[in-house]
Each structure stands twice: as C-alpha cells, then as structure tokens.
Amino acid sequence: MVLAPVFALVFLIFAVMFGMFRVRTRALTTKEVRVSQIAVGQDAWPKQATQVSNTYVNLFEMPVLFFALIALALPLRQADLVIVLLSWVYVVLRYLHAGIYATSNDLRYRFGTFAASSLVLLAMWVYFALKLFLAI
C-alpha cells in the first residue's frame, strides 16, 4: 500500500507538467511572449506560466526526500502502517501546496502547506531512523 501515495505524487508531477505545457503554449500562441524572449532565459514568461513552472520545479525539491525514504523503506521492510498513513498526509499536503502555488499563490496558505508537508516528511524520516536504529 505504500506505493499508492508514491503513484499519486507521480501523477501530480505529470499533471503539473502538462498544465505547464498548456499554459506556456497558450502564452506563445496568444503572443503574450515570443520564442526569442524565452529562448535563453525564463524571465519573460507571464505570471501564470511562471507560477506553474515554479510549482513543477518545486515538485522535484522536497519530494525527492519522500521518494528516497520510500525507496529505502521498501527493501528494508520498514514501510509499515505509520509510514503509509504519513505518506498519504504528505501527498495530500503536496497536492494542496501545488494547487495554491499554481493558482492564487497566496503565500499564507502556500507557506502553511509547505511547512506542514515538510514537518510530516521530517517526522517520517525520524520515525524511519528510529525504527532502523532502535528497532521500535
């Protein structure tokens, strides 16, 4: 069951990637930005395209630690119910964070969901380490 939240997070990453493609394509076809403006750098993209792009990049930062934990917990047989439940909490928070980041970008809510997901991920790593080193 621990792979279900992993697949859910992978699905989110692909969904944001396709959303980024859609928003960027629209910006190019409506002439909000020209190819020559973005050929060398990303600064010329309109606000919405930048937000979705930043959301996509963000999904390759902290979630790497989530994927690493699951990749270690599985072969070490440490992926118990606590890890599965915390994984789901983490993934739901990442969905909320991505939704906020790509739309309203309200920093109060965006930071809150980021901080909460980071604390859940930290708790997962602490729990995993305790299980390994203290055999709890």
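Look up a bit, the structure's there.
Just so it is clear, the model here is predicted, and its values are computed rather than measured. (Residues numbered from 1 in each chain as written. Predicted model: local features only at pLDDT ≥ 70, side-chain atom pairs only at ≥ 80, totals over all residues. Heavy atoms only, no water.)

Participant: Quick question: what am I supposed to make of the packing of aromatic side chains here?
Facilitator: For any two aromatic rings, the description comes down to two numbers: the centre-to-centre distance and the angle of the planes. Tallied over the entire structure, the rule returns 4 aromatic pairs. Taken together, a centroid distance of 5.7 Å and an interplanar angle of 55° make the contact between F66 and F67 tilted. In this structure F66 comes out as buried when scored by relative accessible area, which is 0%. Note on F67: relative accessible area 24%, which makes it partly exposed. Ring geometry for F66 versus Y90: centroids 5.1 Å apart, planes at 25°, classification stacked. Placement of the pair is F66 in helix 4 (residues 63–73) and Y90 in helix 5 (residues 81–102), with a sequence separation of 24 residues. Overall, the relative accessible area of 0% leaves Y90 in the buried class. Joined through ring pairs, the aromatic side chains of F66, F67 and Y90 make up one cluster. (Phe/Tyr/Trp six-rings, centres within 6.5 Å; stacked < 30°, edge-to-face > 60°. Buried < 20%, exposed > 50% of the residue type's maximum accessible area, 1.4 Å probe, protein only. Helix = DSSP H or I, 4+ residues; strand = E, 2+ residues; numbered from the N terminus.)

Participant: Is there a simple way to think about the environment of P46 in this case?
Facilitator: Within the secondary structure layout, P46 lies in the loop between helix 2 (35–38) and helix 3 (47–58). With 34 residues separating them along the chain, P46 and D80 place their C-alpha atoms 44 Å apart. Once residues within four sequence positions are removed from consideration, P46 is found in contact with A27, E32 and V33. (Contact = heavy atoms within 4.5 Å.)

Participant: Sorry, what's going on with the side chain of N58 here?
Facilitator: Relative to the helices and strands, N58 resides in helix 3. Here N58 is in contact with P63, R94, H97, Y101 and F114, once residues within four sequence places are set aside.

Participant: Explain helix 6 (residues 107–134) here, please?
Facilitator: Two residues of an α-helix separated by three or four positions point the same way, owing to the 3.6 residues in each turn. Between the first and last C-alpha of helix 6 there are 39 Å, a value that for 28 residues agrees with the 40 Å anticipated at 1.5 Å per step. What helix 6 keeps buried is the set R110, T113, S117, S118, V120, L121, M124, Y127, F128 and K131. The secondary structure elements touched by the buried residues of helix 6 are helix 4 and helix 5. The positive-phi residue at the C-terminal boundary of helix 6 is A135, with phi of around 55°. (Expected span 1.5 Å × (residues − 1).)

Participant: Explain unusual backbone geometry to me, please; I cannot follow it from the model alone.
Facilitator: Positive phi, normally seen in glycine, also occurs at K31, with a value near 65°. With respect to the element layout, K31 can be found in the loop between helix 1 (3–29) and helix 2. We classify K31 as exposed; its relative accessible area is 64%. The phi dihedral of R77 is positive, around 55°, even though this residue is not glycine. Relative to the helices and strands, R77 resides in the loop between helix 4 and helix 5.

Participant: Help me understand the pattern of salt bridges, please; the structure alone is not making it clear to me.
Facilitator: Two side chains carrying opposite charge are able to pair once their charged atoms lie near each other. Scanning all chains against the criterion turns up 2 salt bridges. For K131, the salt bridge goes to D80, with nearest N and O atoms at 2.8 Å. On the criterion of sequence distance, the pair formed by K131 in helix 6 and D80 in the loop between helix 4 and helix 5 is long-range, its members being 51 residues apart. In this structure, the salt-bridge partner of R108 is D106, at a minimum N-O distance of 2.6 Å. (Salt bridge = Lys/Arg side-chain N within 4 Å of Asp/Glu carboxyl O.)

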